Amino acid sequence: MAEGVAATKAPFAKTPLAGPSVEVDRRGDGSWVLRSPVPIAPGPDHILERLDHWASAAPDRWFVAERDRASAWRGLSFADAARKSAGIGQALIEHGHGPDRPLAVLSDNSIDFALLLLGAMQAAVPVMPISPAYSLMSRDHAKLRYVVDRNDPSAVFVGDPKPFANALSALDLAGRSVISATGAAGTESLASWAGTVPGPALARRLATVGPDTVAKILLTSGSTGMPKGVLNTQRMMVVNQLMTDSVYRFLRRRPPVIVDWLPWNHTFAGNFNFNMILFHGGTYYLDAGKPVAHLFDRTLANLREISPTLYLNVPRGFDLLVPALRADPSLRDRFFRELDILFFAGAALPQALRTGLEELSVAARGERVPIVTSLGSTETAPASTYMTWDSDAWGNIGVPLPGSAMKLVPNGDKLEIRFKGPHISPGYYRDPRRTAEVFDEEGYFAIGDAGRFLDPHDPSQGVLFDGRVAENFKLLTGVWVTAGALRLAVVSAAAPILQDAVIAGQDRDSVGILGFPSPAGCRAFCPDLPEDAPIGDVAAHPAVRARLAEGLAAHNRANPTSSTRIARALLLADPPSIDAGEITDKGYLNQRAVLARRERDVARLYADPAGDGVLSIS
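Please read all numbers here as calculations on a predicted model, not as lab measurements.

Definitions and cut-offs
Residues numbered from 1 in each chain as written. Predicted model: local features only at pLDDT ≥ 70, side-chain atom pairs only at ≥ 80, totals over all residues. Heavy atoms only, no water. Helix = DSSP H or I, 4+ residues; strand = E, 2+ residues; numbered from the N terminus. Expected span 1.5 Å × (residues − 1). Buried < 20%, exposed > 50% of the residue type's maximum accessible area, 1.4 Å probe, protein only. Pairing = 2+ DSSP bridges. Phe/Tyr/Trp six-rings, centres within 6.5 Å; stacked < 30°, edge-to-face > 60°. Lys NZ or Arg CZ within 6 Å of the ring centre and 35° of its normal. Axes fitted to C-alpha atoms, helices over the stretch in contact; angles between N-to-C directions. Parallel < 35°, antiparallel > 145°, perpendicular 65-115°, else oblique. Left-handed = near helix turned anticlockwise from the far one by under 90°. Contact = heavy atoms within 4.5 Å. Nonpolar A, V, L, I, M, F, W, Y, C, P; charged D, E, K, R; others polar. pLDDT = per-residue confidence, 0-100. Salt bridge = Lys/Arg side-chain N within 4 Å of Asp/Glu carboxyl O. Core = buried A, V, L, I, M, F, W, Y, C linked by side-chain atoms within 4.5 Å.

A. Quick look at helix α20 (residues 542-558). For α20, which comprises 17 residues, the first-to-last C-alpha distance of 24 Å matches the rise-based estimate of 24 Å (1.5 Å per residue) to within 8%. For α20, the full list of buried residues reads Val544, Arg547, Leu548, Gly551, Leu552, Ala553, His555 and Asn556.

Okay, here's the thing in structure tokens:
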């Protein structure tokens, strides 16, 4: 505890960041409109101009780097990225690809993916990245077939066709070409295309690329239904980088370096991270690790070699990183050595993790590296708010970025968040009905999230994430349960056991939770278990269960009403899945999807007598 107190009193690093700045319009209908008074700077018509700039200004600097088969880093320089992507753009035109049909990418992040994306943008061909899980983890490939049939790509790219053989065989490929990295049998060769000499056709096509050109179709399933194709224009991508640049001023002083596993088929990495590196001439080290036990060692190996200038991750990634940094001071010092900021997706970084990161930062540097966040979505390119100051309020998503207007509209007992600005998508691919539904009469995009002010008398202190608009429910008694606020309270009360939780109880007589354990937090209570003990064993440990019950009982004493009191709890060993829709594109738990996918666990939670592993809370 003493260390945590010392960390909170340590100086905040002097990273060049903008503080909160907001203009407020409180309307008679109960709605609020927040705007930044700071204008955004003018920028290029398309993000490819930044590629040309860095190919000239820093031709030999690595743009993207990945491990080769011998585990050595190999990099793609800005000059090579410009030259090879132009060849790919020319080849796409010669093979009949154009702006009327997208190009689907099934593979994970790679140098080849980056080259194909840049080449397609030069040829004005929209790129549609598809989660590799739709191909590699699915048995029936239903989502993959739906996406391909619905969006009709003219070509499909796979780095190596072998792992994707079953997925490709499940698709109707009539009228579509298959592109692979090296041109395996029956496929076009991306490597050969990269050697194509650009000609007048590419110059003519590139001349048509402007702010309204669709660069990507990013897929999101949202809370329900099959994946939707979100149009991402050049204007959206450029403006969003100008917006963040005006706040993250440290990006101007040196080229950023990141080590990142997050997938490019999601807007967090595909737009925010990738475009930030391209815009500012930095280096993107592709991390083949992931925040799962059997792959996280790869992440640690990369961080032992590369000191990032900013580190971006989801809470589960930080949950695994904190104990690793504590156990290895040399890794800790290398990790924090060059850091300007730590950035987490969404608003649900548990306070225990924040404190742990601050303690490690102080131990490494004698100061706290800023921990920042933002709110956005696939439809907002993605960043719409920023929180860069020293705020202890968990769930603070900040205030609107320059160029973005944020409207909070009364919706039942919540304030629904809506955004407006040049970074907002024009809509959904081939879906005018859905497009019309998500914009209000003033042109604000309804993001589906709710917010509340940290201090209504001083909105510059920030807006707190208040869950999804549609996630509240009624108990059998007719009493409403505010799931978002209750979830935050529960995770805080049970710290450090829970990484996150889902609130259950719709049409039942009491509230229960399905909890996702924090591996690091739980392991601190069971030192008798081996370090590699499965998380299921850790979560079942009596000391872990006792701490969870103790924390929830304390919560119940302070919140005794039926809508806030937790009657039962069940810890789940299986973490939430992005690819199964349990985590939204914004990085939050999708309450509805988790409850639907884990229907059996909900049944265990409410069984009479209580199911195996279920805690009854006093």
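B. The arrangement of the pairing of strand β11 (residues 228-233) in detail. Of all six residues in β11, six are buried; the element is thus mostly enclosed. The side-chain alternation of β11 yields two buried faces, one formed by Lys228, Val230 and Asn232 and the other by Gly229, Leu231 and Thr233. Taken together, the six bridges between strand β10 (residues 214-220) and β11 define a ladder with antiparallel strand orientation. Note on β11: the bridge partner recorded for Leu219 is Gly229.

C. Highlighting unusual backbone geometry. Going from Ala381 to Pro382, the amide bond is cis rather than trans, its omega being 0°. As for its placement among the helices and strands, Pro382 is situated in the loop between β16 (371-372) and β17 (385-386). Look at the link from Ala495 to Pro496: it is a cis peptide, with omega at 0°. Relative to the assigned elements, Pro496 resides in the loop between α17 (483-493) and β25 (498-504). Of note, the phi angle at His141 is positive, near 55°, even though the residue is not glycine. You can see His141 is positioned in the loop between α5 (133-136) and α6 (142-151). Residue class for His141 comes out buried when judged on its relative accessible area of 7%.

D. Summary view of the packing of aromatic side chains. Scanning all chains against the criterion turns up 19 aromatic pairs. The interplanar angle of 55° and the centroid separation of 6.4 Å between the aromatic rings of Phe268 and Phe272 together place this pair among those described as tilted. Of the two residues, Phe268 and Phe272 are both situated in helix α11 (residues 267-280); the distance of four residues between them amounts to about one turn of the helix. The buried category is assigned to Phe268, whose relative accessible area is 10%. The interplanar angle of 55° and the centroid separation of 5.9 Å between the aromatic rings of Phe439 and Phe445 together place this pair among those described as tilted. What makes Phe439 partly exposed here is its relative accessible area of 25%. In this structure an aromatic cluster arises from ring pairing among Trp54, Phe63, Phe78, Phe113, Trp264, Phe274 and Tyr284. Across the ring face of Phe279, the terminal group of Arg50 is positioned such that the distance to the ring centre comes to 5.0 Å.

E. Just the packing of helix α3 (residues 78-94) against helix α4 (residues 111-122), in detail. Direction vectors running N to C along α3 and α4 enclose 60°, while the axes themselves pass 7 Å from each other. As summarised for this structure, α3 and α4 are arranged oblique, according to the angle between their axes. In terms of crossing hand, the pair formed by α3 and α4 is right-handed. Where α3 abuts α4, its residues Asp80, Ala81, Ala82, Lys84, Ser85, Ala86, Ile88, Gly89 and Leu92 lie against Leu115, Leu116, Leu118, Gly119, Ala120 and Gln122. Class assignment for the residues of the contact of α3 with α4 results in nine nonpolar, four polar and two charged.

F. Highlighting the confidence of the model for the protein chain. Residues at a pLDDT of 70 or more form 96% of the protein chain, whose mean pLDDT is 93. Considering only residues more than four positions removed or in separate chains, one finds that residues 1-5, a stretch of pLDDT under 50, has three contacts.

G. Representation of the pattern of salt bridges in the model. With the rule as written, the count across this model stands at 34 salt bridges. Close ionic contact of Asp80 with Arg83 constitutes a salt bridge, the shortest N to O distance being 3.0 Å. Linking Asp80 with Arg83, this pair stays in helix α3, spanning three residues, or about one helical turn. On the accessibility criterion, Arg83 (47% relative accessible area) is partly exposed. A salt bridge links Arg254 to Asp340, with the shortest nitrogen-to-oxygen separation between them at 3.3 Å.

H. Local environment of the nonpolar core. Among the nonpolar cores identified, the biggest contains 97 residues, and Phe63, Leu103, Leu118, Tyr248, Phe274, Tyr284 and Leu408 are the most heavily contacted of them. Counting residues per element, this core draws most heavily on α4, which supplies nine residues. The contact partners of Tyr284, leaving out residues within four places of it in the chain, are Phe63, Val64, Ala65, Ile258, Asp260, Leu262, Trp264, Ala269, Asn273, Phe274 and Ile277.

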